[in-house]
Amino acid sequence: MFNKRVVEKLIEVILLLAALLSVFTTVGIVLVLLFQTYEFFAVVRIRDFLFDTQWTPLFAEKHFGIISLFCGTFLTTFISMLIALPIGLIGAIYISEYSNEKTRKILKPSIEILAAVPTVVYGYFALLVITPFLQKIIPNLSGFNAISPGIVMGIMIIPIVLSMSEDSLRSVPISIRESSFALGASKFQTSFKIVLPAALSGVAASFILGISRAIGETMVVAIAAGQQSRFTLNPLIPIETVTAYIVQVSLGDTPTGTLEFKTIFAAGMSLFVVTFFLNILSYYLKKKFRYVYE
Amino acid sequence: MNKPKKFEIANKVFPVIGFLAAVFGLVMVIFLIYNVVTDGFPRLNLTFLISFPSRKPLEAGILSAWVGTIWIVVTTVMVSFPSGVLAAIYLEEYAKKSWMTELIEINIANLSAVPAIIYGLLGLELFVRILKLGNSVLAGGLTMGLLVLPIIIISSREAIRSIPSTIREASYALGATKWQTIRKQVIPAAMPGILTGAILAISRAIGEAAPLIMIGALTYIAFLPEMPIKTEFPFFSFQGFFDGFTNMPIQIFNWVTRPQRGFSVNAAAAITVLLVIVFIINGIVALLRNRYEKKMRW
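Residues numbered from 1 in each chain as written. Chains lettered and ligands numbered in written order. Predicted model: local features only at pLDDT ≥ 70, side-chain atom pairs only at ≥ 80, totals over all residues. Heavy atoms only, no water.

Caption draft 1: Seen up close, the domain arrangement of chain A. All names here are of chain A. According to the domain assignment, chain A contains domain 1 (4-43) and domain 2 (67-293). Relative placement of domain 1 and domain 2: their C-alpha centres are 30 Å apart. At the junction of the two partners, domain 1 supplies 10 residues and domain 2 supplies 8 residues. For the pair domain 1 and domain 2, the summed buried surface comes to about 910 Å²; carbon and sulfur atoms form 88% of the total. Across the domain 1-domain 2 interface, the total number found is 1 salt bridge. Note that E39 is salt-bridged to K262, the shortest N-O span being 3.1 Å. For the pair domain 1 and domain 2, the number of links is 1 residue pair in polar contact (both at pLDDT 80 or more). For the side of domain 1 that touches domain 2, the residue count by class is 7 nonpolar, 2 polar and 1 charged. (Domains from an automatic or database assignment. Contact = heavy atoms within 4.5 Å. Buried area = accessible area lost by both parts, 1.4 Å probe. Salt bridge = Lys/Arg side-chain N within 4 Å of Asp/Glu carboxyl O. Polar contact = N/O pair within 3.5 Å; in protein donor to acceptor, adjacent residues only side chain to side chain. Nonpolar A, V, L, I, M, F, W, Y, C, P; charged D, E, K, R; others polar.)

Caption draft 2: Quick peek at the layout of surface pockets. The volume enclosed by the second largest pocket comes to roughly 330 Å³. Considering the residues around the second largest pocket, the lining is formed by 26 residues, among which F144, A222, I223 and Q227 of chain A together with T257 of chain B are closest to the centre. Within the residue set of the lining of the second largest pocket, elements represented by two or more residues are helix 5 (119-137), helix 10 (219-224) and helix 11 (242-251) of chain A together with helix 10 (248-256) and helix 11 (261-295) of chain B. Class assignment of the residues belonging to the lining of the second largest pocket gives a composition of 12 nonpolar, 11 polar and 3 charged. (1 Å grid on protein atoms, 1.4 Å probe; cavity = no way out; pocket = protein on both sides within 12 Å on 5 of 7 lines; lining within 4 Å. Points joined across faces, edges and corners; volume = space filled by probe spheres on them. Helix = DSSP H or I, 4+ residues; strand = E, 2+ residues; numbered from the N terminus.)

Caption draft 3: Inspection of the interface of chain A and chain B at higher detail. Counting residues at the interface gives 82 residues for chain A, matched by 78 residues for chain B. Overall, the association of chain A and chain B removes approximately 6900 Å² of surface from exposure, summing both partners, and the carbon and sulfur fraction of that is 80%. Area buried by chain A at its contact with chain B is led by L15, Y124 and F188 of chain A, which between them contribute 10% of it. On the surface where chain A and chain B come into contact, there are 1 salt bridge. A salt bridge links K287 of chain A to E102 of chain B; the nearest nitrogen and oxygen atoms lie 3.0 Å apart. There are 10 residue pairs in polar contact (both at pLDDT 80 or more) connecting chain A and chain B. It is helix 1 (residues 4-43) of chain A that contributes the most residues to the side of chain A that touches chain B, 20 residues altogether. Along the lines of polarity and charge, the residues of the side of chain A that touches chain B split into 55 nonpolar, 20 polar and 7 charged.

Caption draft 4: Summary view of the environment of Y124 of chain A. For Y124 of chain A, the location among the structural elements is in helix 5. Each C-alpha atom, one on Y124 of chain A and one on D52 of chain A, is 33 Å from the other, the two residues being 72 residues apart in sequence. The residues touching Y124 of chain A, leaving out its near neighbours within four places in the chain, are V129 and I223 of chain A together with V36, D39, V256, S264, A267, A268 and I271 of chain B.

Caption draft 5: Main features of the packing of aromatic side chains. In total, this model carries 22 aromatic pairs over all chains according to the counting rule given. Centroid distance F40 of chain A to F41 of chain A: 5.1 Å. Interplanar angle 75°. Geometry classified as edge-to-face. A residue is classified by how much of its surface remains accessible, and F41 of chain A, at 25% relative accessible area, is partly exposed. Measuring from centroid to centroid gives 5.0 Å for W55 of chain A and Y245 of chain A, while their planes differ by 85°, and the two rings are edge-to-face. Within this pair, whereas W55 of chain A is found in the loop between helix 2 (46-51) and helix 3 (67-98), its partner Y245 of chain A is found in helix 11, the two being separated by 190 residues in sequence. You'll find W55 of chain A and Y245 of chain A in the same group, each marked buried. Through successive ring pairs, a cluster of aromatic residues spans F40, F41, F49, W55, F64 and Y245 of chain A. For the cation-ring pair, K178 of chain B lies above Y94 of chain B, with the distance from its terminal atom to the ring centre recorded as 4.5 Å. (Phe/Tyr/Trp six-rings, centres within 6.5 Å; stacked < 30°, edge-to-face > 60°. Buried < 20%, exposed > 50% of the residue type's maximum accessible area, 1.4 Å probe, protein only. Lys NZ or Arg CZ within 6 Å of the ring centre and 35° of its normal.)

Encoded structure:
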C-alpha cells in the first residue's frame, strides 16, 4: 500500500506537468521559429528583410523584403476591421443596452454560431460569391483581390468583437447607468457617453483580439486574395499575405532545408511576434477592466 | 438648441441601426448557406459520399476526406482532452498565486490567439521532421491537439471554478482527501462544462485546414488509413495512425482553388456536408450549456 500522502503529492506533480504542457508548446514554437530564422538570417541580411520592397524568394532573382507581404496582410486586415469593429461594437451596444433579455438570449448564441463556420467556407464565399458580385459594381476588379477576402474576414470576425465587447458593456454596474438617467441623460447619451467609456478597456481588448485574428487568418486569403506579393495598398489587384505565402510554399514542392523553405519560418516568426504583442496587450486590457469592476 | 435635437434623433434611430448591426453577420451567413446549398445540392448523393477524389469532377467524392476528418478528430481529442482537463484541475484546485501561475495564465491566453498556421510550422518541424512521424494522422492529431488545448483548458477552468466551495468542504468534512474530493465531487459536477469545451475543440478540429496543410496533409488521396479494428488476430492495428490523410476542409480548399466549374460545385456539396456536421455539434453545445445553466443554481 502506498502512503496516501505520497499518492496525493504524485497526483499534484502529474497535474502540474499537464499545466506545463502549454508552456512547452510556446517554448517549442519559439525554439522552432528562432532556430530556422537564425539560419535564414545567416544568408539574408536583416536590412534587406525589413526594407526591401520586393518578396520573390521563389523566383530566379531573389528578394526577401517581408514588407510587401505585410502590405497584403495590412490591406486585408484593415478592410476587415472597417467592417468588424463598427458593426461588432454597435451590435454589442444594442444587445447590451437596448435589447430585452429574451432577444439577447436568442441573438447572442446565434451570432456565436458564425464563429463556428470553418474558414474555408468563408474562403469559398469570398472567391465565388462576393468577388463576382463586386465585379458587377467595380468593373476593373481582379478575380483575386484584397477587398473581397477583407470583407468576408470582417463578417467572420464580427462575433469575436461583438461577443467580447458585449460582455464588457454588460459588466458595467447598473448603478452607473441609473445615475446618468437620474441626471436627465437619454438612453443614447448614457450608452455612448457613460457606459462605453466605462467599458473602454474591455472593448479595446476585443478590438485588438479581432485585429490579431485578422492578421493570422489564413484560408480566406489563401483562397481569394491571390499569390502575388506586391508593395501596394491597392485593394483591387491580386496581393499576397504573410499567411497565404506560408501556405503557398507548403503546397508547392520546395525541398525542406533550402533557403526558400526557411523563408516560411522567417515569415512565421514575423507573424508570431506581431500577434504575440497584440495578444498580450489584449490580455492586459481585459485584466485591467476586470480589476476595475469585479 | 441644436444639440439636444441631434441626440433626440439619435435616440430614435439608434435602436434600428443597432438591431441591423447585431443581425448583419447572421443575415450574411444565411445568405452564404443559401448560396452554397443551392450550388451543391444537386451533387449530393450517396456516390459522392463513398467515392475517392478524382480528376473528373462528376466522379469525385469525399470518402477519404470525411474518414480523414474522423481520424484527425479522434486523435486530437485523445491528445488534448486528458492533458487539458488535468491542467485545468491544477490551475483551479492546486496552483497558488505566484509568478509561475501568472505566466501560465498569460501563456494560455496568448496560445488561444496564436494563428493556427504557426501551430502548423511547429508541427512540421517537431512532429514531422524531428520525431519523424511524416505527414501522418498522428502528426496531424498531435498538431491539432496542441492547437485546441487552450480551448479545453479555458472552458474546463470555468466549469471547475463555478463549483461552489461548500461542495469541497462537505467532502473534506467526511474525511476525503483532496484528490478524492476532486475526482468524486468536483469533476462530476463540472462535467457538462468540461464536455462543452471538448465539443468546441472537436468543432475546431473538424474545420481547421491551414495547420494540416503545413504538416503535409495530402490534397489528393485515394486510400484510407488502415482501420484500427481487424477481423483476424490480434484484432487491432495502430498502422492507421501512421498513414497519410486528407480532411474535409483541405478537400474543399483543393476544389475551390481549381478553375473548372464542376469542382466548385463539388466544393459547395462538401461544404454543405461539413456545415451540417458543424451545426449539429454546436447545437449539442448549446443544449448542454442550457441544461447546465439551469442545473447550476446551487
